[in-house]
Amino acid sequence: MYKSADEGNPRKKSRRILVAESDRLSYVGNNFGTASLKCNNLCKYYVGVLDKQTMQMEVHKAQLFNMQPVIPGETTEASNPQDTTQTYRDKVDLLIEAFGTSKQKRALSSRKLNQVGADALHHAVAKAASTVIDQKGLEALQQEVAETESQGDLALHLPTCNTDADRPEDVYPFDDLLSPVEFSALEQAGSKMAALTPVELKKMRDDGGSLYVVKHLESMPAVGEARDKIARCAFYLSLLLKMARQKSISRKFVQEEGCPRILQTKLFRTFTVETFNNGRIHNMVSTSMRAKLAAYSLALLLHMGHMTADLTLLHRDLGITEARMIEVAKSMGLTLSRPAKGKDDQAVLQDKHKHASVVLPLVKYDQFVERRKRKKMH
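The text that follows walks through the structure, step by step, so that each part is easy to find. (Residues numbered from 1 in each chain as written. Predicted model: local features only at pLDDT ≥ 70, side-chain atom pairs only at ≥ 80, totals over all residues. Heavy atoms only, no water.)

1. Overview of the overall build of the chain
Assigned secondary structure in the chain consists of 16 helices and 12 strands. Here the chain holds 378 residues, and 29% of them are scored as buried. In the chain, the share of contacts with a sequence separation of at least 24, taken over all contacts with a separation of at least 6, comes to 56%. Carbon and sulfur atoms provide 53% of the accessible area of the chain, an area that totals close to 26,600 Å². (Helix = DSSP H or I, 4+ residues; strand = E, 2+ residues; numbered from the N terminus. Buried < 20%, exposed > 50% of the residue type's maximum accessible area, 1.4 Å probe, protein only. Contact = heavy atoms within 4.5 Å. Areas by Shrake-Rupley, 256 points an atom, 1.4 Å probe, with all protein chains shown as cover.)

Laid out in structure tokens, this is it:
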């Protein structure tokens with residue numbers, strides 16, 4: 001058995017190659033690559049050795065290898081130039097024609113009869129594409145592709161949406177944002193948030209904390225289940241907003257905040273991307289993950305604010321542009337609005353804020369892709 005010499009790479013240090021010989025052939029197997037068994041990483045295997053004298057069995061850890069025969073003299077490079085054009089399927093077909101059963105030969109003959117020639121298919125596709133380009137125009141097709149890609153990329157990061165819901169509260173179900181188990185795990189963290197004094201809240205605001213979190217904590221109900229729910233959601237929202245401003249997330253990030261273990265696992269799996277660098281695996285918050293954080297934060301705020309959320313405060317807390325925040329709200333089918341202007345000074349400051357709310361049926365916006373102008377070279 002041979003093991004990988006790259007001990008620093010966590011993905012390669014567990015690689016093994018097993019070699020066995022018999023009187024007729026040599027066999028080679030490995031636990032990586034296309035020839036390996038896919039169940040190696042998901043299961044643990046053991047082998048039992050029975051001692052016939054004591055009649056006791058010893059259990060040892062084991063690995064499964066898919067051993068393949070190696071024919072002496074066969075090399076990876078074909079001696080004949082014609083052999084280079086043969087694929088694995090072609091080689092299997094030749095073996096079936098020479099040594100296959102009658103059933104295998106009939107299946108091979110039927111497949112060849114039904115197979116469409118590659119040249120004919122390529123010609124048909126090229127002709128169809130040329131016809132579509134002539135009818136619609138190349139520029140219009142490029143515009144459609146750009147719109148589809150932008151809409152599809154963002155749709156992958158949106159929370160679960162129930163378009164057939166009868167109530168606004170059921171469009172983005174709360175249990176899909178925080179399951180009952182996760183919500184109950186936030187009891188201790190939520191009680192700490194609810195116990196913050198006005199002085200501590202003012203300090204949090206002055207230190208550049210999440211303005212939306214402070215706003216909800218200041219206007220929480222006095223008692224009851226509603227107060228407890230707002231406090232727990234405010235703690236979870238603060239984690240989402242802080243993650244959106246990070247580039248790399250470490251385990252210490254959520255541990256210092258007092259986050260429950262079940263929430264730690266959810267945050268890392270849902271809102272980070274694993275990358276490999278300098279022999280270690282890092283959890284990164286990519287641009288697409290920031291859009292996902294914005295969508296989930298917005299959905300959570302809708303449940304905290306009677307199906308209405310302030311997009312201006314949210315995009316400032318997330319550290320993204322207002323245009324990107326509006327794009328996320330439109331992709332979720334929310335209705336955009338501005339509050340009515342008031343007479344006092346506070347209303348004058350708030351009348352520029354944009355709000356998003358859930359109104360049934362959901363709004364379908366036309367996708368618009370802005371084309372950047374080319375910079376002039378001087």
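2. Concerning the sheet that holds strand β1 (residues 2–3)
Here we have 4 strands laid out as an open sheet, ordered β1-β2-β3-β6, and antiparallel in their pairing. The outermost strands of the open sheet, each flanked by one partner alone, are β1 and β6 (68–70). Alignment of strand β3 (residues 26–30) against β6, held across 3 bridges, turns out to be antiparallel. Bridge assignment links Val28 to a residue of β6, and that residue is Gln68. (Pairing = 2+ DSSP bridges.)

3. Thoughts on a nonpolar patch on the surface
On the surface, Tyr2, Ile17, Val19, Val28 and Val70 cluster together to form a nonpolar patch covering roughly 400 Å² of accessible area. Topologically, Tyr2 is positioned in strand β1. (Patch = residues over 30% accessible without salt bridge, like charges linked within 9 Å, V, L, I, M, F, W, Y side chains within 5 Å. Salt bridge = Lys/Arg side-chain N within 4 Å of Asp/Glu carboxyl O.)

4. Some thoughts on the environment of Thr54
As for its position among the elements, Thr54 is in the loop between β4 (45–51) and β5 (56–62). Since its relative accessible area comes to 45%, Thr54 is described here as partly exposed. A distance of 3.4 Å separates the side chain of Thr54 from the side chain of Asp51, its partner in a polar contact. (Polar contact = N/O pair within 3.5 Å; in protein donor to acceptor, adjacent residues only side chain to side chain.)

5. Considering the packing of aromatic side chains
Summed over the entire model, instances satisfying the criterion amount to 2 aromatic pairs. Between Phe174 and Phe183, the ring centres sit 5.9 Å apart and the planes meet at 80°, which makes this aromatic pair edge-to-face. The exposure class assigned to Phe183 is buried, which follows from its relative accessible area of 18%. Ring centres of Phe271 and Tyr296 lie 5.3 Å apart, and the angle between their planes is 85°; this geometry places the pair in the edge-to-face category. Pair noted here: Phe271 is in helix α12 (residues 261–271) and Tyr296 is in helix α13 (residues 287–304), with a separation of 25 residues, a long-range link. Using a relative accessible area of 0% as the deciding quantity, one classes Phe271 as buried. (Phe/Tyr/Trp six-rings, centres within 6.5 Å; stacked < 30°, edge-to-face > 60°.)

6. So, unusual backbone geometry
Here the amide bond leading from Leu360 into Pro361 is cis, since omega sits at -5°, within 30 degrees of zero. Tracing the backbone through its elements, the reader meets Pro361 in the segment after β12 (355–357). Phi is positive for His306, close to 55°, though the residue is something other than glycine. Relative to the elements of secondary structure, His306 occurs in the loop between α13 and β10 (308–310). According to the relative accessible area criterion, His306 is exposed, its value standing at 75%. Located in the positive-phi region is Met307, a residue other than glycine, with phi close to 65°. Summarising the element assignment, Met307 is placed in the loop between α13 and β10.

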